[in-house]
Amino acid sequence: MALTLDIPTEYGNSYVILTATATAFLGLWHGAYVGTYRKSAQVPYPNAYATQAEAKENPAKYAFNCAQRAHANFLEHRTQMLIPMLIAGLRYPVLSAGLGAAWCVARVMYAFGYVKGKREQGRGRSAGTWFLLAEVILQGTAAWTGWQMLAR
C-alpha cells in the first residue's frame, strides 16, 4: 500500500517554508546576541559560561550567562518545534506557520526577558515562556496529521 502525499500550495508557496527558515535566522540572531554580551563581559573562548562566582560579582558576566542560557534553550527546543511544524504543515499549513511564527516571537521575548528582565535567577524569561504552548499545539497537530495519514 502506497501513501500519496499531497502538499498544499500554502506549504511551499511561502507559509511553512518561510517560517521554518525564520528559525534559522533566529538562531543566527541568538548567536550574535550572545556574542555582544560575551564581548562586554570579557568571557574568553572556549568558556561557555562565566563561573557562578564571577556572575555574582559582575552584572555583565551574569547577563552573558543569561544570554548564553537563552540561546541554549532555543537550541534545545528548536527541533521539538520545527519537525512537528513541518509535519503538521502537510495538512494544516496556515495554522502550523502561524504557530511557528508565534513561537519565534515568543523566543525573542524569552531571550530579552532573560537578559534584560533584571529578575532573580533569570525569571524575566517568563515573558516568553508561552512558546511552549505553540510548541505543544504543533506537536499535537503533527500527531493528529500522522494519525490521519495512517487512517487513510
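Above this text is the structure in question.
Residues numbered from 1 in each chain as written. Predicted model: local features only at pLDDT ≥ 70, side-chain atom pairs only at ≥ 80, totals over all residues. Heavy atoms only, no water.

*Asks:* Describe in detail the overall build of the chain, supporting the description with residues and values.
*Replies:* Secondary structure assignment for the chain yields six helices and zero strands. Reading the secondary structure of the chain in the N-to-C direction produces α-α-α-α-α-α. Expressed as a percentage of its 152 residues, the buried residues of the chain come to 42%. When contacts within the chain are restricted to residue pairs at least 6 apart in sequence, those whose partners lie at least 24 apart make up 72%. A total accessible area of about 8700 Å² is found for the chain, and carbon and sulfur atoms account for 64% of it. (Helix = DSSP H or I, 4+ residues; strand = E, 2+ residues; numbered from the N terminus. Buried < 20%, exposed > 50% of the residue type's maximum accessible area, 1.4 Å probe, protein only. Contact = heavy atoms within 4.5 Å. Areas by Shrake-Rupley, 256 points an atom, 1.4 Å probe, with all protein chains shown as cover.)

*Asks:* Before we move on, could you go through unusual backbone geometry and cite the residues and values that matter?
*Replies:* A cis amide bond, omega 5°, links Tyr 45 with the succeeding residue Pro 46. Position of Pro 46 relative to the elements: it lies in the loop between helix 2 (15–41) and helix 3 (52–57). We note that Gln 42 has phi near 55°; this positive angle belongs to a residue other than glycine. Looking at the secondary structure, you find Gln 42 in the loop between helix 2 and helix 3.

*Asks:* For the pattern of salt bridges, give the residues involved together with the corresponding values.
*Replies:* Using the criterion set out here, one finds one salt bridge in the structure. With a shortest N-O distance of 3.0 Å, Glu 76 and Arg 69 are connected by a salt bridge. On the accessibility criterion, Arg 69 (28% relative accessible area) is partly exposed. (Salt bridge = Lys/Arg side-chain N within 4 Å of Asp/Glu carboxyl O.)

*Asks:* Explain helix 6 (residues 131–151) residue by residue, including any values.
*Replies:* Between its terminal C-alpha atoms helix 6 stretches 30 Å, which fits the 30 Å expected from 21 residues at 1.5 Å a residue. Where helix 6 is buried, its residues touch helix 4 (59–88) and helix 5 (93–116). (Expected span 1.5 Å × (residues − 1).)

*Asks:* I'd like to hear about the packing of aromatic side chains, residue by residue, with values.
*Replies:* Overall, the coordinates contain eight aromatic pairs when judged by the stated rule. Note on Trp 29 and Tyr 33: the rings are 4.8 Å apart at their centroids and 15° apart in plane angle, and the pair reads as stacked. Remark: Tyr 33 and Trp 29 occur in helix 2; sequence separation between them is four residues, near one turn of the helix. Each ring, one from Trp 103 and one from Phe 131, has its centre 6.4 Å from the other, and the planes form 85°; the classification is edge-to-face. (Phe/Tyr/Trp six-rings, centres within 6.5 Å; stacked < 30°, edge-to-face > 60°.)

*Asks:* Any details on helix 4? Residues and values, ideally.
*Replies:* The end-to-end C-alpha distance of helix 4 is 42 Å, a good match for the 44 Å that 30 residues give at a rise of 1.5 Å each. His 77 marks the point of greatest bend in helix 4, at about 35°. With a side-chain oxygen positioned 2.8 Å from the backbone nitrogen of Ala 60, the residue opening helix 4 is Asn 58. (Bend = angle between axes of the 7 residues up to and from the residue. Polar contact = N/O pair within 3.5 Å; in protein donor to acceptor, adjacent residues only side chain to side chain.)

*Asks:* How would you explain a nonpolar patch on the surface if you had to name every residue and give the values?
*Replies:* Judged by side-chain polarity, Val 105, Met 109 and Trp 130 come together as a nonpolar surface patch covering roughly 260 Å² of accessible area. Relative to the helices and strands, Met 109 is located in helix 5. (Patch = residues over 30% accessible without salt bridge, like charges linked within 9 Å, V, L, I, M, F, W, Y side chains within 5 Å.)

*Asks:* Go over the packing of helix 2 against helix 5, please, and point to the residues and values.
*Replies:* Close contact between helix 2 and helix 5 brings their axes to 9 Å; oriented N to C, the two are set at 10°. Relative to helix 5, helix 2 is oriented roughly parallel. Residue composition of the contact of helix 2 with helix 5, by class: 17 nonpolar, four polar and two charged. (Axes fitted to C-alpha atoms, helices over the stretch in contact; angles between N-to-C directions. Parallel < 35°, antiparallel > 145°, perpendicular 65-115°, else oblique. Nonpolar A, V, L, I, M, F, W, Y, C, P; charged D, E, K, R; others polar.)

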